[in-house]
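# Structural features, examined
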Amino acid sequence: HRQARVKPLALRTSLTLLVTGLLALLVAMLALAYRAALARHLDAEATRSVEELAGGLRGYLQIEDGVPVLVYDETDADARAFIIDATSYYQVYDARTGQLLTQSPGLESLALHYTPQEVAAIRDNPGPRDVHTERGRLRLLSTVITPSAGETYVLEVGELLDGVDRTLAAFDASMDRLGFSYL
């Protein structure tokens, strides 16, 4: 019986394979690092955007006899455009009772309502959070408003994250086309 002997690879071939493998690993690590950085940047930008909407809307929001009212110059095209953008996804709750006082048609269509206990939890821990809806992820920023002593309201302003999700999905699809299906 003759045994087949495997001839070892030449040094040049071994080094070429080693360097090629290391370069492929390096490119994969760079792609993962870039995707993570891209996701962090898009997330921070989405939070900054909703913070600007919420901060601006607070300047126009007044509570008159327990009723939220947006007060702005309707002849000012910039103010009108901002109000339209900022109120696409917004709602105001009485933080003491948990009662919904006003809600945009966008949030109403998502059936996003809170119980009084949930409103109290949001009041005690305001800030940004993501909600998954049938339209995709929605970044909501909750802030507490106290226009006068004894009055406390929770304002939520949101923005859909479909642009962020589309960008990450396109990046992942590009990596898949290049053979990096690890994402």
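Model, not experiment: these values are computed from the prediction.

Once that is clear, we can look at the packing of aromatic side chains. Under the counting rule described, the total for this entry stands at four aromatic pairs. With a centroid separation of 5.9 Å and an interplanar angle of 40°, the aromatic rings of Y60 and F82 are classed as tilted. Within this pair, whereas Y60 is found in helix α1 (residues 11-60), its partner F82 is found in helix α2 (residues 77-86), the two being separated by 22 residues in sequence. Note on Y60: relative accessible area 24%, which makes it partly exposed. Of the residues examined, F82 reaches a relative accessible area of 21% and is grouped as partly exposed. On the basis of an interplanar angle of 45° and a centroid distance of 5.5 Å, the ring pair of Y93 and Y114 is categorised as tilted. On the criterion of sequence distance, the pair formed by Y93 in strand β3 (residues 90-94) and Y114 in the loop between α3 (105-109) and α4 (116-124) is long-range, its members being 21 residues apart.

With that settled, the discussion passes to a nonpolar patch on the surface. Together, L11, L15, L18, L22, L25 and M29 line one region of the surface with nonpolar side chains, adding up to about 630 Å² of accessible area. Within the secondary structure, L15 is located in helix α1. Judged by relative accessible area, L15 falls into the partly exposed class, the value being 44%.

Before going further, it helps to spend a moment on the pairing of strand β4 (residues 100-103). The side chains of a regular strand alternate between both faces of the sheet. Across three bridges, β3 lies against β4 in antiparallel orientation. Considered in β4, the bridge of Y93 is made with L100.

Attention shifts here to the sheet that holds β4. In spatial order, the strands read β4-β3-β7-β6-β5; together these five strands make up an open sheet with antiparallel pairing. Each edge of the sheet is formed by a strand with only one pairing partner; in this case those strands are β4 and β5 (127-133). Averaged over all adjacent pairs, the angle separating strand axes in this sheet is 20°, with direction ignored. Bridging between β3 and strand β7 (residues 153-160) involves five bridges; their strand directions are antiparallel. Among the inter-strand pairings, V92 is bridged to a residue of β7, identified as L155. Across the sheet, α1 is in contact with β3, β5, β6 (136-145) and β7; its angle to β7 comes to roughly 135°.

Definitions and cut-offs
Counting restarts for each chain: residues are numbered from 1 in the order of the written sequence. Local features in a predicted model are, by the rule used here, given only for residues with pLDDT of at least 70; side-chain atom pairs are given and counted only at 80 or more, and totals for whole chains, interfaces and linings are based on all residues. Hydrogens and water are ignored here; the side-chain numbers use all heavy atoms of the structure. Ring pairs shown here join Phe, Tyr and Trp side chains whose ring centres sit within 6.5 Å, with only the six-membered ring taken for Trp; geometry is labelled stacked below 30 degrees between planes, edge-to-face above 60, and tilted in between. Runs of H or I in DSSP of at least four residues are treated as helices and runs of E of at least two as strands, each being numbered from the N terminus. Only protein chains enter the accessibility calculation, which uses a 1.4 Å probe. A residue is then buried if its area is under 20% of the maximum for its type, exposed if over 50%, and partly exposed in between. Think of a patch as exposed residues, more than 30% relative accessible area, with no salt bridge, where like charges cluster within 9 Å and nonpolar side chains (Val, Leu, Ile, Met, Phe, Trp, Tyr) cluster within 5 Å. For accessible areas, the Shrake-Rupley method is used with a probe of radius 1.4 Å. Any residue's cover is judged against the shown protein chains and nothing else. The salt bridge definition used is simple: a Lys or Arg side-chain nitrogen within 4 Å of an Asp or Glu carboxyl oxygen. Criterion used throughout: strands pair if DSSP finds at least two bridges between them. Lines are fitted to the C-alpha atoms to define the axes, a helix being fitted only along its stretch in contact, and any angle between axes, read from their N-to-C directions, falls within 0 to 180 degrees. Contact criterion: two residues are considered in contact whenever any of their non-hydrogen atoms come within 4.5 Å of each other.

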